[in-house]
Structure formats: structure tokens, C-alpha cells
Amino acid sequence: ILTYTKVLPVAFSLAVMNPSSEFNRFGAPSTNMRGKRALTIVIKLGTSSICDEKTHDPLLSNLSLLVETAVRLRRDGHRVILVSSGAIGIGLKRLDIEKRPKHLAAAQAIAAVGQCRLIALWDGLFTQLRQPVAQVLLTRNDIADRTQYLNASNTFAELLNMGIIPIVNENDTLAVNEIKFGDNDTLSAITAGMVNADYLFLMTDVDCLYTNNPRTHPDAQPIEVVADISSLKVDVSSTGSTLGTGGMATKLTAARLATSAGVTAIITRSSIPSNIFHIVAYIQSLKEADPSSQPQTPSITKTSPTLTPITSTDDPIAFSPLLSTPTSLSAVKLAHSPTPPPAASLPHPLHTRFLPKPRALRDRYFWILHGLAPNGTIYIDEGAYGALTRRDKAGLLPVGVVDVAGTFAQQEAVTLAVVQRIVGGGYIIKGPEVGKALVNYSSAEIGRIMGQQSFRIQELLGYAGMHFPFPSS
């Protein structure tokens, strides 16, 4: 039924890094001029860090410091990507409009005006330091298609290889709710996963994540290291600025996405961009002191990346012709989060660091889980779920499918959910979705073959097709 599936945080398949390689996966040098490994760093700035919430004036001092920081990172041999909000805020200033309009078309028109001014502002500041930049505007639709996703990845790779700093924003002029990322925190995490970044900096107006809102609770305690986001017990109910769409909750979502791709996510204060240097130096010193604590990452080669063959111990999900794309099943075997290494003596600014998963999602799995919007749900029984997650990699048979919801065509994305069958008919949903997959059959076809033996597919559909509703890998 499905092509590829990935069930959420089980032990993920991964490629093995070759630390002796001189080139990264894009073919660029993997070390900088000082002989240290060149890092890929994504820096996300929210609207409140770019323009004043009330006057909408650009915060030139903040932006200038950030530009100096980005250029210094580039000159140190690192690859830098900026994810910049602020189009609507800058557009409001340009058009002398006091408040962000509620009507979608009006907001998109203002964003169109503001985006021109925003990229001109960035280009003007970077030009002072002779640093070329590029504008990249995305919507979720742009990465929903696998070919377009790879094209976007290749464009990022070439820009970084040329020493250019890409400036990424959501294409607000075209985006509607169905194809929006929702906020630039999510966009920055997907960008970080797309380029296999080392760090994602989520710049905000507080130093770090606190146990409570520090503005209203003076006794709130800072949280410096997070190994398991799901175990966090913090109040993130406060929203972002009136101009932005995010808040601390969206930053946690972004951190969850980024760490699943093997990216270290960091929340820190945007008004002191130079903190990025000290934080990176501090974390790199921890890695050098305890290399064994670092997660595995994709191999780096001189040309195309070579993936290590997957054994049964690498990934409990097998390939099966009913799945069309890799599956990520969750809740069976949670990836173990590394224990933070002992603090180094190097001084460092206050920040919150989200540790990457030891086994990062491979590129295609990451794309399926986070780049595609599901069009329906397939409900499978406990036996089918066990077959997908056991070590000998059994596939999903039609007999294991209990129900289907939504309308979707072949090769579209669906979510997977586990149900418990009830004697006499019916079922009980056991919990949230456990994965996502691409389907080999439409919802109507799956509805006709679910619960049946595989040999009946020809009889029920008039053709055999795949023996499995979806494959797993």
C-alpha cells in the first residue's frame, strides 16, 4: 500500500561519516583555513529581532552586528545560511500602515512590498563587507515534490560552495494555510535538515529556555541542555510578537525537527549575535573532549555521498512492495539521547542546547516526515505494527490494514496509526500517529483490499500491483 515509510523515533538508519575525508557531501572542503572542520550554521531571526514591534523601524544595530557575525563565520571557512522573517513588518513601515491586517490578501500584498525592502536591506549591509548574498523563497509545496526538494538542496549546496550566504524566507505572497510552513522556526529547521547543518541557531529576545516565563516569573530557572524534548516540563504558552507568528512553542517544534536530522539546535539572545562564536567554540570543545558522545552523521565524500548498506540491526523497518517510500515508526524503540558531557572550562554565554539524536534521519526519511503534508490516515493493527518494527523486517500485508481515512491518490503521503481490534468488529485507536508513508495504492483501492489476503488483490482490483499496501525500509 505504501512505497516508503518511516515510523517515528525508532532506531534510524544512517550513513557512516568518514572523518578522514577532505570534502563534505557537497564536494566542498570539509576543513577551514585553520585546519578545523568547516561547519554549516543556520541562523534564524524572527520579526522582533529585525524591526521594532511598534514603529516597524528596522533594528539596524542588531542587523549590523548579525551581518558582522555571519561574515566573520564565513571568513573562518564556515558555511552560513540566514532564515529571515520580517517581510510584513518592513512592508508595514514602507506603506505607513499601523497594524498587520487580518485579511490574507492584504497581508500577502504587504509582504510582497516588504520582501523587496528586506532583501535590499540585507544586501546593503552585507555589501559593506563585500559579502554576496542570495534570496531563497520557499513554500511547503516547493519541497513536497521530491525533484523540487533535491533541486532546492542542490541550489543551497552550490551557493554555499561559492561562498554566498543564502537568505531564506517563506514566500508569503503565494503561501496559503495549506502550503505554509506556519512559521519561520519550522522553515529554519527544515532548511537545516535539507543542508545537513551542524547547528541551528534560533535567535530570540531571551537568553535561553526557562522553566517558566521569566517576564512574569522571576524565579524561572534557565535550562541549558535538553537531551529529550518530549520530557521537557516548561511553560511555553506565551506567543510571539504582534508582527510575528512564532513563540517559544514553535521553537521547541523546530528544535525537535532539527535534532531528528542530527542538527544541534540552540536558543539564544538575538541582540548579541557574537554569542554564536562563543557558543560554537564551547560546544566544539566539548566534542573534542568527548568525541564518543557525538551522534553519527552522513558520510562525506568527494562526489556523491555513499550510504552504508543497512543491516537488520540498523533499522527495524524492512522494505516491502506495499510501501512506496521509507517509513518512520514511533514508540517502539526510542532513540537514546546522549548524556551531556561534563562542562568545559571555556566561558560561554547563556543558551539552551538541544542535543541531536544519535541516529539522524536520512535525507529521504526526513523529507517524508517533515516535507510532505499527509492527505489521509491508514490504520493498522498491532500485529502489522509489530511486523514493521521487528528486526527481521517483515512487510505490511493488506490483512494488517484495519481502516483508511481521507482521500488520496497513489504516491501521496499518509500518516500511520495503530489500533486495537475489538472482538465482534470495530477498533480502538491506541494513540497518536506512529509514522508517515507514501502510498502505492489510492484510498479507494486500499479500502477494497484492506483486511484481505494478498492473493486476493488481483481478484478485488483487477490487477496485482504490489503485494503490500506499503513497503518499509
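Preceding this section is the structure that the text describes.
Residues numbered from 1 in each chain as written. Predicted model: local features only at pLDDT ≥ 70, side-chain atom pairs only at ≥ 80, totals over all residues. Heavy atoms only, no water.

Comments concerning the pattern of salt bridges
Selection criterion: Any Lys or Arg side-chain nitrogen located within 4 Å of an Asp or Glu carboxyl oxygen qualifies as a salt bridge. Under the DSSP-based scheme used, a helix requires at least four consecutive residues in state H or I and a strand at least two consecutive residues in state E, with every element numbered from the N terminus. The cut-offs for exposure are 20% and 50% of the maximum accessible area for each residue type, with area from a 1.4 Å probe on protein chains only; residues under the lower value are buried, those over the upper are exposed, and the others partly exposed.
Inspection of the entire model under this criterion finds eight salt bridges. Among the ionic pairs, arginine 37 bridges to aspartate 198, the shortest N-O distance being 2.7 Å. Remark: aspartate 198 occurs in the loop between helix H7 (184-194) and strand S6 (199-204) and arginine 37 occurs in the loop between strand S1 (2-7) and strand S2 (40-45); sequence separation between them is 161 residues. With relative accessibility at 13%, the residue aspartate 198 sits in the buried group. The residue glutamate 382 makes a salt bridge to lysine 430 at a minimum N-O spacing of 2.5 Å.

Side note on the environment of proline 374
To be explicit about the condition: Contacts are assigned to residue pairs with any non-hydrogen atoms lying within 4.5 Å of each other.
With respect to the helices and strands, the residue proline 374 is situated in the loop between helix H10 (363-371) and strand S13 (376-381). What makes proline 374 partly exposed here is its relative accessible area of 41%. In this structure the C-alpha to C-alpha distance between proline 374 and phenylalanine 408, which are 34 residues apart in sequence, comes to 9.0 Å. Beyond its immediate sequence surroundings of up to four residues, proline 374 is in contact with Ala413, Val414, Thr415 and Lys436.

Considering unusual backbone geometry
For aspartate 96, which is not a glycine, the phi torsion comes out positive at approximately 55°. Inspection of the secondary structure puts aspartate 96 in the loop between helix H3 (87-94) and helix H4 (104-127). For asparagine 196, which is not glycine, the phi torsion reads 55° and is therefore positive. With respect to the helices and strands, asparagine 196 occurs in the loop between H7 and S6.

Describing helix H8 (residues 248-260)
The following threshold applies: For a helix, the expected span equals 1.5 Å multiplied by the residue count minus one.
Taking 1.5 Å as the rise per residue, H8 with 13 residues should run 18 Å; its terminal C-alpha atoms sit 18 Å apart, in good agreement. Where burial is concerned, most of H8 is hidden: ten out of the 13 residues are buried. Those residues of H8 not exposed but buried are Met248, Thr250, Lys251, Leu252, Ala254, Ala255, Leu257, Ala258, Thr259 and Ser260. Phi turns positive, to about 85°, at glycine 262, one or two residues after H8.

A closer look at the pairing of S13
Consecutive side chains along a regular strand alternate between the two faces of the sheet. Using the following cut-off: Strand pairing follows a simple DSSP-based rule, namely that at least 2 bridges must link the two strands.
For S13, a buried count of six out of six residues is recorded, marking the element as mostly surrounded by other parts of the structure. The alternating pattern of S13 places Gly376, Ile378 and Ile380 on one face and Thr377, Tyr379 and Asp381 on the opposite face, and all of these are buried. Here S13 runs beside strand S14 (residues 401-406); their pairing, made up of five bridges, is antiparallel. In the sheet register, glycine 376 faces S14, and the bridge partner there is glycine 406. Two strands pair when backbone bridges link them, and S13 and strand S15 (residues 413-421) are joined in this way by five bridges, in the parallel orientation. Across the sheet, the residue bridging to threonine 377 is threonine 415, located in S15.

Digging into the packing of helix H2 (residues 60-75) against H4
Rules: Orientation is described by lines fitted to C-alpha atoms, with helices fitted over the stretch in contact, and by angles between N-to-C directions that extend from 0 to 180 degrees. For classification, angles of less than 35 degrees are called roughly parallel, those exceeding 145 degrees roughly antiparallel, those between 65 and 115 degrees roughly perpendicular, and all remaining angles oblique. Here is the rule for handedness: rotate from the far helix to the near one, and if that takes an anticlockwise turn smaller than a right angle the crossing is left-handed, while a clockwise turn gives right-handed.
Where H2 contacts H4, the two axes come as close as 10 Å, and the packing angle between them is 55°. Between H2 and H4, the crossing angle belongs to the class labelled oblique. Helix-helix and strand crossings are classified by hand; for H2 and H4 the assignment is right-handed. Residues Leu60, Leu63, Ser64, Leu66, Val67, Ala70 and Val71 of H2 form the contact with H4, whose own contacting residues are Leu121, Trp122, Leu125 and Phe126.

So, the sheet that holds S6
Strand order in the open sheet formed by eight strands is S4-S5-S3-S2-S6-S10-S12-S9, and the pairing between neighbours is mixed. Two strands in the sheet have a free side with no partner beyond their single neighbour: strand S4 (133-138) and strand S9 (225-226). Sheet analysis places strand S10 (residues 264-269) next to strand S12 (residues 352-354), joined by three bridges and oriented antiparallel. Bridged to isoleucine 266 within S12 is arginine 353. Sitting on the sheet, helix H9 (residues 275-289) touches S2, S6, S10 and S12, and the angle it makes with S6 is about 145°.

Re the pairing of S2
In terms of residue burial, S2 counts as a mostly covered element, since six of its six residues are buried. Burial of S2 is two-sided: the residues Thr40, Val42 and Lys44 facing one way and the residues Ile41, Ile43 and Leu45 facing the other way are all buried. As defined by bridge partners, S2 adjoins strand S3 (residues 79-84) across six bridges and the pair is classed as parallel. By the bridge assignment, isoleucine 43 is partnered in S3 with leucine 82. Judged from the five bridges that link them, S2 and S6 form a sheet pairing that is parallel.

Here we look at the environment of asparagine 62
Looking at the secondary structure, you find asparagine 62 in helix H2. Taking C-alpha positions, asparagine 62 is 5.7 Å from serine 271, a pair spaced 209 residues apart along the chain. Apart from the residues lying within four places of it in its own chain, the contact partners of asparagine 62 are Ser49, Ser271 and Pro273.

Describing the side chain of histidine 56
Here is the rule we go by: Polar contacts, as used here, are pairs of N or O atoms within 3.5 Å; protein pairs need one atom able to donate a hydrogen and one able to accept it. Residues neighboring in sequence count only if both atoms are side-chain atoms.
Position of histidine 56 among the secondary structure elements: in the loop between helix H1 (47-50) and H2. For histidine 56, a relative accessible area of 3% gives the class buried. A polar contact of 3.4 Å, which involves the side chain of histidine 56, links it to the backbone oxygen of glutamate 98.

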